[in-house]
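Below are the chains, spelled out letter by letter.
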Amino acid sequence: MVCKPRQALVGAGHMGSALLAGWLNNDLAVRGGALIIADPAPTQKTKDLATALQASLVPALEREKCSLLETVVLALKPDLIGRAAPQIRDALPARATVVSVAAGVPLARLAALYGDRPLVRAMPNTPAAIGRGATVYATNGALDKATEENVHALLAATGFAEKTADERHLDAVTAVSGSGPAYVFLLAETMMAAGIAEGLTPELARKLACETVAGAGELLRQGGNDPAALRHAVTSPGGTTAAALDVLMGAGGFAEMMRRAVNAAARRSSQLGAGQIRPPAED
């Protein structure tokens, strides 16, 4: 018996590939021919993931191949959401659910582009590729129980997933967790550079920075998600950590810079969704 397509992913760039990898690592109903991946220029990584998932890899969605689709995930940049809408909308069954992971694009705009159907606006992040993602999503209220359970399963397969009743949270979610991995990578990068400046070899500095960030993250995850408590536990009064934190937590230091950074990302998310700016083409 041939399993017919039930899900589709449109766009297999960084985020789309992360979702595919997360699905591959979980026992989801996207296996055995139940998934279509639409990408006009798939990378070798995408081709390998498609093979592993037994998915159909096509340049674009076509109506004759989409009659049984239940859910389509749009992993497209915000400016492509509108440009791709006519072709995708024409290919989809009337009640197929559209899930967008495009930064900033609100449900109201998705409705204008993709019609009166179940709609989901979600913001995952790239650790989804290893099952450690963080996703928050909002819906337009048109999903029945089975559909919402399916959407939640697709998103939760890549890590933590939670629904919010207030779509306005999504710009802040984008700024904190959607962009957040880059903040952590920058932390490791700057720790490495600082170690080299203190005389460490580049290789040792890289290992120390990366393992420290990864280990601290796992300790945070297992320690009840209370970063302040863990910070206090490792900070002895008058010690080396305290000396460093006096700098990082001083006026204009790390906390203030992070607040400004998250605010800038949230504002950019809103601007992207409103079409006020367009991101450059992906490398």
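Cut-off values and rules
- Residues numbered from 1 in each chain as written.
- Predicted model: local features only at pLDDT ≥ 70, side-chain atom pairs only at ≥ 80, totals over all residues.
- Heavy atoms only, no water.
- Patch = residues over 30% accessible without salt bridge, like charges linked within 9 Å, V, L, I, M, F, W, Y side chains within 5 Å.
- Areas by Shrake-Rupley, 256 points an atom, 1.4 Å probe, with all protein chains shown as cover.
- Salt bridge = Lys/Arg side-chain N within 4 Å of Asp/Glu carboxyl O.
- Helix = DSSP H or I, 4+ residues; strand = E, 2+ residues; numbered from the N terminus.
- Polar contact = N/O pair within 3.5 Å; in protein donor to acceptor, adjacent residues only side chain to side chain.
- Contact = heavy atoms within 4.5 Å.
- Buried < 20%, exposed > 50% of the residue type's maximum accessible area, 1.4 Å probe, protein only.
- Pairing = 2+ DSSP bridges.
- Right-handed = clockwise from strand over helix to strand, strands pointing away.
- Axes fitted to C-alpha atoms, helices over the stretch in contact; angles between N-to-C directions.

Student: Break down a nonpolar patch on the surface for me, with residues and values.
Tutor: A surface patch of nonpolar side chains, amounting to about 230 Å² of accessible area, comprises L200, L204 and L208. Examined against the element boundaries, L208 turns out to sit in helix α8 (residues 202–222).

Student: Which residues make up the pattern of salt bridges, and what values do they have?
Tutor: Scanning the entire structure with this criterion turns up 10 salt bridges. Taking the shortest distance from any N to any O, the salt bridge between D79 and R83 comes out at 3.4 Å. One end of the pair is D79 and the other is R83, both in helix α3 (residues 78–91) and four residues apart, which spans about a single turn. When the shortest N-O distance is used, the salt bridge between D171 and R121 registers 3.1 Å.

Student: I'd like to hear about the side chain of T139, residue by residue, with values.
Tutor: By the element assignment, T139 lies in strand β7 (residues 133–139). Here G141 takes part through its backbone nitrogen, which lies 3.2 Å from a polar atom of the side chain of T139. Excluding residues that lie within four positions of it along the chain, T139 makes contacts with L107, L119, V120 and K163.

Student: Any chance you could break down the pairing of β7 for me, citing the residues and the numbers?
Tutor: Counted residue by residue, β7 has six buried out of seven residues, so it is predominantly covered. Taken together, the four bridges between strand β6 (residues 119–123) and β7 define a ladder with antiparallel strand orientation. Counted as the bridge partner of R121 is A138 from β7. Pairing between β7 and strand β8 (residues 159–163): five bridges, direction parallel. Counted as the bridge partner of G133 is G159 from β8. The parallel pair β7 and β8 is bridged by helix α5 (residues 145–156), and the resulting crossover is right-handed.

Student: With reference to specific residues and values, describe the sheet that holds strand β2 (residues 35–38).
Tutor: As summarised here, the arrangement of the eight strands in space is β3-β2-β1-β4-β5-β6-β7-β8, forming an open sheet in which the pairing is mixed. Across the chains shown, the open sheet's two edge strands, defined by having one partner strand only, are β3 (56–58) and β8. When strand polarity is set aside, the average angle formed by the axes of neighbouring strands in this sheet is 20°. Lying on the sheet, α5 is in contact with β1 (7–10), β4 (71–74), β5 (97–100), β6, β7 and β8; it crosses β8 at an angle near 145°. Against the sheet, helix α6 (residues 169–178) touches β6 and β7, its axis set at about 35° to β6.

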